[in-house]
Amino acid sequence: MFGAAGQLGVELVRELKERGYGVLAWDRASVDITDPAAVERALAGYEPAVVFNAAAYNQVDVAENEPQAAFCVNALAVRNLALACRQIDSQLVHFSTDYVFDGTANQPYTEEDMPHPLGAYAVSKLGGELYARAYLDNALVVRTSGVYGPGGLTTARGNFVELMLRLASSKNPIRVVEDHVATPTYAPSLAARTLDLVERKGAGIFHIGGGEPISWFAFAGMIFQTAGVSPALTATNEREYRTPARRPRYSALSNAKMERAGVAPMPVLKEALAEYFRRRG
Ligand SMILES: NC(=O)c1ccc[n+]([C@@H]2O[C@H](COP(=O)([O-])OP(=O)(O)OC[C@H]3O[C@@H](n4cnc5c(N)ncnc54)[C@H](OP(=O)(O)O)[C@@H]3O)[C@@H](O)[C@H]2O)c1
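Residues numbered from 1 in each chain as written. Predicted model: local features only at pLDDT ≥ 70, side-chain atom pairs only at ≥ 80, totals over all residues. Heavy atoms only, no water.

A. Focus on the packing of helix α5 (residues 160-170) against helix α7 (residues 216-227). Look at α5 against α7: their axes get within 10 Å of each other, and the N-to-C directions meet at 70 degrees. Considered as vectors, α5 and α7 are oriented roughly perpendicular to each other. Crossing geometry of α5 relative to α7 is assigned as right-handed. Together, F160, V161, M164, L165 and A168 of α5 and W216, F219, A220, I223, F224 and A227 of α7 make up the contact between the two elements. Here the residues of the contact of α5 with α7 sort into 11 nonpolar, no polar and no charged. (Axes fitted to C-alpha atoms, helices over the stretch in contact; angles between N-to-C directions. Helix = DSSP H or I, 4+ residues; strand = E, 2+ residues; numbered from the N terminus. Parallel < 35°, antiparallel > 145°, perpendicular 65-115°, else oblique. Left-handed = near helix turned anticlockwise from the far one by under 90°. Contact = heavy atoms within 4.5 Å. Nonpolar A, V, L, I, M, F, W, Y, C, P; charged D, E, K, R; others polar.)

B. Representation of the layout of surface pockets. Estimates place the volume of the second largest pocket at around 430 Å³. Forming the walls of the second largest pocket are 18 residues, and the residues nearest its centre are L16, G22, A49, V50 and F52. Classifying every residue of the lining of the second largest pocket by side-chain character gives 14 nonpolar, two polar and two charged. (1 Å grid on protein atoms, 1.4 Å probe; cavity = no way out; pocket = protein on both sides within 12 Å on 5 of 7 lines; lining within 4 Å. Points joined across faces, edges and corners; volume = space filled by probe spheres on them.)

C. Structural detail: unusual backbone geometry. The backbone of K171 sits at a positive phi, close to 70 degrees, despite the residue not being glycine. Here K171 shows up in the loop between α5 and β5 (174-177). Residue K171 is classed as exposed on the basis of its relative accessible area of 72%. The residue K201 is not glycine, and still its phi comes out positive at about 65 degrees. Tracing the backbone shows K201 in the loop between α6 (187-199) and β8 (204-207). Accessibility expressed as a relative area gives 71% for K201, which makes it exposed. (Buried < 20%, exposed > 50% of the residue type's maximum accessible area, 1.4 Å probe, protein only.)

D. Up close: the packing of aromatic side chains. On inspection of all chains with the given rule, the structure shows 12 aromatic pairs. Between F2 and W26, the ring centres sit 4.9 Å apart and the planes meet at 20 degrees, which makes this aromatic pair stacked. Linking F2 in the segment before α1 (7-18) with W26 in the loop between α1 and α2 (36-43), this pair joins segments that are 24 residues apart in sequence. Like F2, the residue W26 is buried in the burial classification. (Phe/Tyr/Trp six-rings, centres within 6.5 Å; stacked < 30°, edge-to-face > 60°.)

In C-alpha cells form, the structure reads like this:
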C-alpha cells in the first residue's frame, strides 16, 4: 500500500487488516512513489497479489502553478507502479477523480462517459489512469469524488468537512458555491467497496462516489446540521468565487456499474456524515 497515511490510505489499511489480509504499508516518508528505485526496493521479495496506490498530489489550485509536480506524482509515478506491478504480476489498484470530466453533464457520470479534464490536476489524474491501463491488463482504476474520512483530521490537506468546521469556529461568514455539484464520498465506505470489488476480481474503470449528488453549499448545510452548529452560511457561485483552477460544475459519479458487479450501494450521505462525526470523536 503506497500513500498509506492519507485519508483513504489509512482506511484501506484498516479494512484490509480487518479482513485478515497481510498488509505492507508505506507512507510518503518511507517510499516516495516518484522514485522508481524506491518503489522497486519496497516491493522486492514480497510479490504481493495486489498493490494499492492511495498516494496523490491533490492540490487542485496549486497545481496550476506547478503542473509538473502534479504530473510527477499523479501520472509518471503511476507508471513506476504499473511497471513494477508488471514485473511481479501484481494487480494495481489506483484511484482517480471525478475531475477527469468537464461537468457539462446533467446526470451522474458513468464509466462510458468521455473524460475532458479542465486543468493541470485533472490532466495529471487522467494521465495516471492511462499509464495504469497502458502497462497492465487487469489494473483496477477507481474514480471517486470529494473524499472525507477521519484521517483528514490529521493530514495537512484535511477535507471539506474539517474546512467547514474550522470556518464555523472562526465566526466569520461562510460562503460556499451552490452551482457546483459532486458526490461527497466517505473514505471508510470507499475503502470497503474497493476491497469488495477486488475480491470480485474487478478490473478496468469503476466509479465509487458517495451516491448522492449534492451542491457544496447544501453539503455544508448538512455538515453544520449534523455537527449541531449554525454559523452564517450563504450561497455563492463560480462567477463570484474565482479559483485558480477551473472545476467541473457537475461531477457526480454513478455507482451503477459497481452495484451491477454485486457490491452493496454506498451508505446514505446523511448517515455516512453522522458516522464520520462519531468516528472523529
Ligand atoms: N480528497 C479528495 O477530495 C479526492 C477527490 C477525488 C479523488 N481523490 C483521489 O482519491 C485518492 C485518495 O485521496 P485522499 O483524499 O486520501 O488524499 P490525501 O488525504 O491527500 O492523501 C494522499 C497521500 O499521498 C501522499 N503522497 C503525496 N505525494 C506522494 C509521493 N510522491 N509519494 C508517496 N506518497 C505521496 C500524501 O503525503 P503528504 O501528506 O506528505 O503529501 C498523502 O499522505 C487519490 O488518488 C485522490 O486523487 C481524492
